Amino acid sequence: MTSIKERAAALNLAEKLCVRPQAHGVLCKPVQSVSMWSGLISHLRSSVTVKRRRVHLKSHGDCFLGSEAADVVAEHINRVKGFEGAIVSRDKVVCVCQALLDCNVFEAVGTKVFGRDKKQDVFQDSKSALYRFVGVCTPSVDELERGALVNGIQKLFCSAPSDSQEEQTYPTGSHVQMSTPVKYTQTSVKANQLDTPAAAGLSVEPLVDGLSPSRMHTDTVLPKSLVDEVWQEQTLLRLLNLVELPLLEGVLQCSQTPSSPPSHRLAHSNPDLIYSSNHLDRQILKAFRDSQEDEWLCAALDCLDFLPDQPVVELSRELPQCFLQEQDSCDQTPAGSSSQHGVQSLRSVSTPVNDTDEDPGLSQSVLTQCKMLLYGSLMKHYSHTDRPPLLPEHMTDIYTAITDLLGNAKLGTALEALQLCLKLLPPARRDELRRLLTFMALAADPQEIKLDKEMENRLAVKRSFFRAVLHNKALSKEKEDLMVVFMLSNIKDIFMIPGALHKGVSDKLAGLVQGKQPDVTGSTFCQQVPSRTYTDSTKKTTDQELRVLLNSIHLDTKISAKERKRLLGQFYQAHPEIFNQYFASPPRFVSVEELMETAKGVTNMALAHEILVNHTFQVKPTELPEGSLERRVKEIMHKAFWDCLEAQMKEDPPTYGHAIKLLAEIKETLLSFLLPGHGRLRTRIDEVLDLPLIQQQAENGVLDISQLSQFIVEMMGSLCAPCRDEDINKLKEITDIVPLLKAIFSVLDLMKVDMANFAVSSIRPHLMQQSVEYERSKFQEFLEKQPNALDYTEKWLEDTVKCLREAEADSSGAAASSDPPSLLPLNVHNHAYLRLLRWDHASDPFPETVLMDQVRFQEMQQEAERLALLCSVLLVVYTTTGDAISGLPGLMETLKNTVSVMLADMHTPSYSAQEALATIGEKLCVELSQCLSQHGYSPFSADRKNTLRSQISATVHPDNTVRKLMDSRVQSYLLASLEFSQHKTPPSLPGGLAPVGRELKELAVRFSRLVIFNKLVFSPFYQKILHKILTGGGESP
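Residues numbered from 1 in each chain as written. Predicted model: local features only at pLDDT ≥ 70, side-chain atom pairs only at ≥ 80, totals over all residues. Heavy atoms only, no water.

1. Notes on the overall build of the chain
Then, in step 1: The helix and strand tally for the chain stands at 42 helices and 6 strands.
Then, in step 2: When each of the 1037 residues of the chain is scored for burial, the buried share is 44%.
Then, in step 3: Sequence separation of at least 24 residues holds for 73% of the intrachain contacts in the chain that already meet a minimum separation of 6.
Then, in step 4: Entry remark: accessible area of the chain is about 55000 Å², with carbon and sulfur atoms responsible for 53%. (Helix = DSSP H or I, 4+ residues; strand = E, 2+ residues; numbered from the N terminus. Buried < 20%, exposed > 50% of the residue type's maximum accessible area, 1.4 Å probe, protein only. Contact = heavy atoms within 4.5 Å. Areas by Shrake-Rupley, 256 points an atom, 1.4 Å probe, with all protein chains shown as cover.)

As structure tokens, then:
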């Protein structure tokens, strides 16, 4: 195992490390400089006036003047202890400002002069030079003290400071007097800033625009807690102005979460402690990071500060091996001297000193190995599923609002909302998120090293790190990906502080410093309240608003009584307590609640019954009537939509907003077709139709809609039913994008219908097994909530018993002393079903237990009436004609077909039975005359024809003797078919019904099956009702 010195030597970092800490009380230049520079930068940020300024007829926002910056720096140097006796010349102040400009504390604002961009690299002490603050982090002392400041900022102004002066400049919190407060957080700072407790927790918040020396006392320092509260208050107020948040509990919870920086950052704040080997390992990697200029490598090394000690130590021991392996592969050395040669060779590829521009850098192979080691360590740490995401879950409302803004193409508002959201994070988590996102953005670059052999860098980064950034169960996967992709695309802007927030904080702190009372007329800061208080307040406010709503429904004169009753019923269903309190008595329509609660169960029962009874049941696409208003509106809207899409696709460059939304709908539809076992197809669809990737391709102008459409068509071909193959082939022949998308949606609608019919056919066998118990239990639940749900059924059975008793009394001449055989429960039940084939559907309510089969009973009733009329006509023909046609072959079938055709539409509203029977009489007379002539019989005389026509026309009346006879025989046969199911003896066909024997038997089978199934389901209810009626509870004749 290599030692610390050997690893430092292998990386050419020995001269950059200080493995022993300074003794307690010993003052060193970096510690002194850190406090001075920190105080200077914080004073400059808080005191200089930042506002919108106009130069060369152009306006620039959030700027300050170079001359004002020099004035503020000179004022600070004259006032702060440690610079007593200093010679503060304007030239020296400009040198300090130049150092701040070079270290990106602020930057020059570009201006256009005569049409050309002009951006100063040299600080100008002028009122025409504009500058703008860049970041909030304090640069390192090494970066600041270069060039003219190489000997330190104190020696620049003080030619020979005494030892006593140096002792006075040691930063202790009360020595440095600042004109504006600074915010102390646990933000990460440079390693050389962690050597003193005073500098370890110092992080300057940019309080600008409005805080000038003329507006506030220079010797006033606000408490840290007050400054923190102002920042939080103003951030929340600005955030609420951008997005609508239903609750602030999650936001306040996040903002109150204490900052928890990595433990290793606080482990060496005491200089009396001995540095551990873990700390030295981190120092090696930090020094190695400072010696590199590769952005990818530096970003990865920055993320190591948040990793535990074990992976960092392992990495610090594996990283030098890359250099030794490279040396061994290039130059074979004798045994025992490989380590020394490796160290010497690695010295040649380390970063050169600062006084030269030469940068040979690492070899490509060593650089690749280092990057892969770093990537592996970071991936192992951040891809762990037990690790909570950096964006907390209790800020879901903000994430949803940001993704909605992105979906509506409001990118500027979404960016500012995201900046404010990140500002609410604890500083340590915010810093870790910034470093991780920076590394992810660089690692996802396709021009960088290949992270995975089987996928692109973007997908590898997404799989490894997206979950560590954002993982929320309340957000869909698409919204999570969209949020992270937006953060990566705007990595340089999301951690900046919005100018509006700067101004709000500056004005608020300026007022507090001047002793002004806080403004409470506008929005106020929301304080978190106990959950019980919040619940009580919410219930009270909700009840008040509900009473107002109920009062408006009750007293509104513009709505009809029927509509008011419906709205009151819905209100009672949702809020019965408020309803009862308002009316001070139970509602008159109590059954509405139970009916609405069981509506879904009754609907499911009816659907299951229909699937079971109707074997031809299928879901069919909705077809609007030709020429209807709905159809015209639909066609117009669809045409407008597709025309708009076509216009967008023809733009230069094309606009893909609507097209991407259509692709999202297609993706959702395709995923809905998949079964649980289709894992590979689901993965393939997610990979190809990756909406964040498609959005990025559209923004960069590289989206290929045609390729995606071909994939969609192929996937549809693999998922559709065989009957849709022809439609899929037609899709493959379409080349234009808009017609292809339109045709794809049409075929997808048909595939949805096919999938629904497939589900129906799959569930039918299961319904067959459980249908009786299922329907009975559902009806029982309905009956428990609706006690009067069998009223019409009881009346139906009571009327049947009454009819049977009257018929029995008429036949015997007197009422029997006890129930005759016809009043047995089974016989009464069969006659009750038979009465359904003579039901008056227009005036009598149908019994509840057979309500789901009302249409089927009505169809069988019409069929029975048609067969009875058909038999009546044929009986009249054969009776009137005589034996001359009784034995002619085929004549009966011919006459039957002729009459059947004429009676096919007898139950339609426009059908005229009188005219139809007159026509039937004429046709039958013609056919009979021809038939008699062909067989040698004398033709029909005029009298016989008139007699035949009149008798056929007379059957139009239901009380016609022949028709009543045929109708009774049909009813008797159907009743016998019900009894046949118990006695196993097939009923004989009554006389006169032979011509329609086949149709009558089919009708009897359908009728018997429906009745038997209904008995199985509702027999317990029928038994109770019949027992009550037959034992004295029913009506007496």
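2. Examining helix α22 (residues 499-513)
Then, in step 1: For α22, which comprises 15 residues, the first-to-last C-alpha distance of 21 Å matches the rise-based estimate of 21 Å (1.5 Å per residue) to within 8%.
Then, in step 2: All of the buried residues in α22 are Leu501, His502, Gly504, Val505, Ser506, Lys508, Leu509, Ala510, Gly511 and Val513.
Then, in step 3: In this fold, the buried residues of α22 make contact with α9 (224-242) and α18 (411-423).
Then, in step 4: At the exit of α22 stands glycine 515, carrying a positive phi of roughly 85°. (Expected span 1.5 Å × (residues − 1).)

3. Some points on unusual backbone geometry
Then, in step 1: Here the bond from aspartate 652 into proline 653 is cis, since omega is 0°, no more than 30 degrees from zero.
Then, in step 2: With a phi angle near 65°, asparagine 104 is a residue other than glycine that sits in the positive phi range.
Then, in step 3: Look at alanine 409: it is not a glycine, yet its phi comes out positive at around 65°.
Then, in step 4: Within the fold, alanine 409 resides in the loop between α17 (396-407) and α18.

4. Focus on helix α16 (residues 364-382)
Owing to its 3.6 residues per turn, the α-helix brings residues three or four apart onto one side.
Then, in step 1: Compared with an ideal rise of 1.5 Å per residue, which puts 19 residues at 27 Å, α16 spans 27 Å between its outermost C-alpha atoms and is within 8% of the ideal.
Then, in step 2: Of the positions making up α16, those classed as buried are Val366, Leu367, Cys370, Lys371, Leu374, Tyr375, Ser377, Leu378, His381 and Tyr382. On an axial view of α16, the arc spanned by its buried residues comes to 165°, and they lie on one face. (Arc of directions from axis to C-beta.)

5. Some thoughts on the nonpolar core
Then, in step 1: In this structure, Leu433, Leu437, Phe439, Met440, Val469 and Met487 are the most contacted members of the largest nonpolar core, which totals 79 residues.
Then, in step 2: In this view, leucine 433 contacts Leu390, Leu391, Leu422, Leu425, Val469, Met487 and Phe495; residues no more than four positions away in its chain are not counted.
Then, in step 3: In this structure, Ala868, Leu870, Val876 and Leu924 belong to the second largest nonpolar core, which totals 73 residues. (Core = buried A, V, L, I, M, F, W, Y, C linked by side-chain atoms within 4.5 Å.)

6. A look at the packing of helix α24 (residues 561-574) against helix α25 (residues 576-583)
Then, in step 1: For the pair α24 and α25, the least separation of the axes is 5 Å and the interaxial angle reads 120°. Taken together, α24 and α25 sit at an angle that is classed as oblique. Between α24 and α25, the contacting residues are Leu568, Phe571, Tyr572, Gln573 and Ala574 on the first element and Pro576, Ile578, Phe579, Asn580 and Phe583 on the second.
Then, in step 2: Among the residues making up the contact of α24 with α25, the classes are represented as 8 nonpolar, 2 polar and no charged. (Axes fitted to C-alpha atoms, helices over the stretch in contact; angles between N-to-C directions. Parallel < 35°, antiparallel > 145°, perpendicular 65-115°, else oblique. Nonpolar A, V, L, I, M, F, W, Y, C, P; charged D, E, K, R; others polar.)

7. Considerations on the packing of aromatic side chains
Then, in step 1: This model, assessed by the stated rule, comprises 23 aromatic pairs.
Then, in step 2: With a centroid separation of 5.2 Å and an interplanar angle of 75°, the aromatic rings of tyrosine 572 and phenylalanine 579 are classed as edge-to-face. You'll find tyrosine 572 and phenylalanine 579 in the same group, each marked buried.
Then, in step 3: Where phenylalanine 641 meets tryptophan 642, the ring centres are 5.2 Å apart and the plane angle is 80°; that geometry is what we call edge-to-face.
Then, in step 4: Look at tryptophan 642 and you get buried, because its relative accessible area is 10%. (Phe/Tyr/Trp six-rings, centres within 6.5 Å; stacked < 30°, edge-to-face > 60°.)

8. A short note on the sheet that holds strand β3 (residues 106-108)
Then, in step 1: The 4 strands are arranged β1-β2-β6-β3 in an open sheet whose pairing can be described as antiparallel. The sheet is open, and its two edges are formed by β1 (51-55) and β3, each paired on a single side. Taken pair by pair, the neighbouring strands of this sheet meet at an average axis angle of 55°, ignoring direction.
Then, in step 2: Across 4 bridges, β1 lies against strand β2 (residues 58-65) in antiparallel orientation. When the sheet's bridge partners are listed, arginine 53 is paired in β2 with histidine 60.
Then, in step 3: Against the sheet, helix α4 (residues 90-102) makes contact with β3 and β6 (130-133), and its axis sits at roughly 95° relative to β3, the strand it touches most. (Pairing = 2+ DSSP bridges.)

9. A short note on the side chain of arginine 856
Then, in step 1: In this fold, arginine 856 is placed in helix α37 (residues 854-881).
Then, in step 2: At a separation of 3.4 Å, a polar atom in the side chain of arginine 856 contacts the main-chain carbonyl oxygen of methionine 852. (Polar contact = N/O pair within 3.5 Å; in protein donor to acceptor, adjacent residues only side chain to side chain.)

10. A short note on the pattern of salt bridges
Then, in step 1: A full pass over the atoms with the stated rule returns 37 salt bridges.
Then, in step 2: In this structure, glutamate 1002 engages arginine 998 in a salt bridge whose closest nitrogen and oxygen atoms are separated by 3.9 Å. You can see glutamate 1002 and its partner arginine 998 sitting in helix α42 (residues 997-1033), 4 residues apart, about one turn around the helix.
Then, in step 3: When its relative accessible area of 53% is taken as the criterion, arginine 998 is described as exposed.
Then, in step 4: Residues participating in the shared-partner salt-bridge network are Arg458, Lys462, Lys477, Asp481 and Asp690. (Salt bridge = Lys/Arg side-chain N within 4 Å of Asp/Glu carboxyl O.)

11. Considering the environment of proline 987
Then, in step 1: Position of proline 987 among the secondary structure elements: in the loop between α41 (961-983) and α42.
Then, in step 2: Look at proline 987 and you get partly exposed, because its relative accessible area is 25%.
Then, in step 3: Each C-alpha atom, one on proline 987 and one on leucine 975, is 9.4 Å from the other, the two residues being 12 residues apart in sequence.

12. Concerning the environment of proline 621
Then, in step 1: Structurally, the position occupied by proline 621 is in the loop between α27 (599-613) and α28 (629-649).
Then, in step 2: Overall, the relative accessible area of 41% leaves proline 621 in the partly exposed class.
Then, in step 3: Separated by 132 residues in sequence, proline 621 and valine 753 place their C-alpha atoms 6.6 Å apart.

13. Quick look at a nonpolar patch on the surface
Then, in step 1: On the surface, a nonpolar cluster with roughly 300 Å² of combined accessible area is contributed by Leu629, Val633 and Met637.
Then, in step 2: Tracing the backbone shows methionine 637 in helix α28.
Then, in step 3: You can call methionine 637 exposed: its relative accessible area is 54%. (Patch = residues over 30% accessible without salt bridge, like charges linked within 9 Å, V, L, I, M, F, W, Y side chains within 5 Å.)

14. Side note on the packing of helix α20 (residues 457-469) against helix α21 (residues 477-489)
Then, in step 1: Taken N-terminus to C-terminus, the directions of α20 and α21 make an angle of 95°; their axes are 10 Å apart at the nearest point. One element, α20, and the other, α21, form an angle in the roughly perpendicular class. In this structure, α20 contributes Lys462, Phe466 and Val469 to the contact, and α21 contributes Lys477, Asp481, Val484, Val485, Met487 and Leu488.
Then, in step 2: For the contact of α20 with α21, the per-class residue count stands at 6 nonpolar, no polar and 3 charged.

15. Description of the confidence of the model for the chain
Then, in step 1: A residue-level look at the chain finds 73% of positions with pLDDT of 70 or above and a mean pLDDT of 75.
Then, in step 2: Note that residues 160-220 has pLDDT below 50 and, in this model, 157 contacts with residues that lie over four places away or in other chains. (pLDDT = per-residue confidence, 0-100.)

16. Some details on the pairing of β2
Two faces belong to every sheet, and in a regular strand the side chains alternate between them.
Then, in step 1: Here β1 folds back onto β2 in antiparallel fashion, the turn holding 2 residues, of which histidine 56 has a positive phi close to 55°.
Then, in step 2: One ladder, built from 2 bridges, connects β2 with β6; its direction is antiparallel. Residue pairing across strands places phenylalanine 64 opposite tyrosine 131, the latter belonging to β6.

17. Looking at the pairing of β6
Then, in step 1: Both β3 and β6 contribute to a ladder of 3 bridges, which runs antiparallel. In the strand pairing of β6, glutamate 107 is matched with arginine 132.

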